[in-house]
Amino acid sequence: MSARRSPPAKGTILYVHGLWMTGAESFVLRRRMAARGWRLRVFRYSSLAESMDRVASRCARMAKELAAGTSQPVHLVGHSLGGLVIYRMFETGLLEPQAFCGDFCRVVFIGTPARGSAAARALAKHGLTRRLLGHAGERDLIRGLPSEWRFPPQLGIIAGSGGHGLGMLVARLPRPHDGTVSVAETHLEGAADRCVLPVDHVAMCLSADVAEHVAFFLDNGRFPPSRPD
């Protein structure tokens, strides 16, 4: 029996985790991306203790270090709050897209509340629960980002419609939603493509369907055509 061949190397994905996460939840996504030729690296930060400015600065530094060590593309994938970190990283000007990945750089947001989060606003009403939002994401989770993606890298947005999650315990979420973030809250003008998958917020990184859509977007700059029901 011949040895199983590894897929040709395509490049590196820098994965930015969400609120209360550590990046360990990406192990399934990492394996699925590796099977498609992508090396996934995790940017770790403390969403509770670090400011957004510090997190964005450190993330930009890691992206540049990865790019300096390879001639292949470096792409960015952010889950939930991780997408907000990526947006703020580009906004600061600390990372010039063409300088580290040229025309190949692509970005995917997975369940990112770009328009702000109803669940976060509900938590922010009380001092004790407001602390759960942490220093990194409090402002953007409550108010949202500017309404447009205005940076050179192509952006793909994956939203979930699974409908089960902790956000339902603290707020009435507009449908459809993934249990924490509504589909409407993920919208940004200027995105190259967007899609809605029947997955819950936390389970997104464990989903084979999400992994397939991430990989397809990184290869093509768009998501695969929707399959008929």
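Everything in this summary refers to the structure shown in the same document. This is a predicted model, so every value here is computed, not measured.

Thresholds applied
Residues numbered from 1 in each chain as written. Predicted model: local features only at pLDDT ≥ 70, side-chain atom pairs only at ≥ 80, totals over all residues. Heavy atoms only, no water. Core = buried A, V, L, I, M, F, W, Y, C linked by side-chain atoms within 4.5 Å. Buried < 20%, exposed > 50% of the residue type's maximum accessible area, 1.4 Å probe, protein only. Helix = DSSP H or I, 4+ residues; strand = E, 2+ residues; numbered from the N terminus. Contact = heavy atoms within 4.5 Å. Polar contact = N/O pair within 3.5 Å; in protein donor to acceptor, adjacent residues only side chain to side chain. Arc of directions from axis to C-beta. Axes fitted to C-alpha atoms, helices over the stretch in contact; angles between N-to-C directions. Parallel < 35°, antiparallel > 145°, perpendicular 65-115°, else oblique. Nonpolar A, V, L, I, M, F, W, Y, C, P; charged D, E, K, R; others polar.

Quick look at the nonpolar core now. The biggest cluster of nonpolar side chains holds 40 residues, and the ones touching the most others in it are Trp149 and Leu188. Looking at this core element by element, the count peaks at 9 residues for helix α2 (residues 52-68). Leaving out residues up to four positions away in the same chain, leucine 188 has contacts with Tyr87, Phe109, Ala114, Arg115, Leu145, Pro146, Ser147, Glu148, Trp149, Leu155, Ile157 and Arg194. One finds Val108, Ile158, Val199 and Ala215 within the second-largest nonpolar core, a separate group that totals 23 residues.

Moving on, we get to the side chain of serine 117. When you line up the elements, serine 117 lands in the loop between β4 (106-110) and α5 (118-123). A distance of 3.3 Å separates the side chain of serine 117 from the backbone nitrogen of alanine 119, its partner in a polar contact. Contact partners of serine 117, with chain neighbours within four places excluded, come to Leu141, Thr180 and Glu185.

This part takes up the environment of aspartate 140. Tracing the backbone shows aspartate 140 in helix α7 (residues 134-143). By relative accessible area, aspartate 140 is classed as buried at 2%. Considered as a pair, aspartate 140 and proline 113 are 27 residues apart in the sequence and their alpha carbons are 8.6 Å apart. Setting aside chain neighbours within four positions, we find aspartate 140 in contact with Met52, Leu84, Arg88, Gly116 and Leu145. There is a polar contact of 2.6 Å between the side chain of aspartate 140 and the side chain of arginine 88.

Helical geometry note: an α-helix holds 3.6 residues per turn, so side chains three or four residues apart project in the same direction. For helix α1 (residues 27-34), the set of buried residues is Val28, Leu29 and Met33. Angularly, the buried residues of α1 cover 130° about the axis, an arc narrow enough to put them on a single face.

This part covers the packing of α2 against helix α3 (residues 81-92). Running from N to C, α2 and α3 cross one another at 75°; their axes reach a closest spacing of 9 Å. Taken together, the axes of α2 and α3 lie roughly perpendicular to each other. Residues Met52, Val55, Ala56, Cys59 and Ala60 of α2 lie in contact with α3, whose contacting residues are Leu81, Leu84, Val85, Arg88 and Met89. Grouping the constituent residues of the contact of α2 with α3 by class yields 9 nonpolar, no polar and 1 charged.

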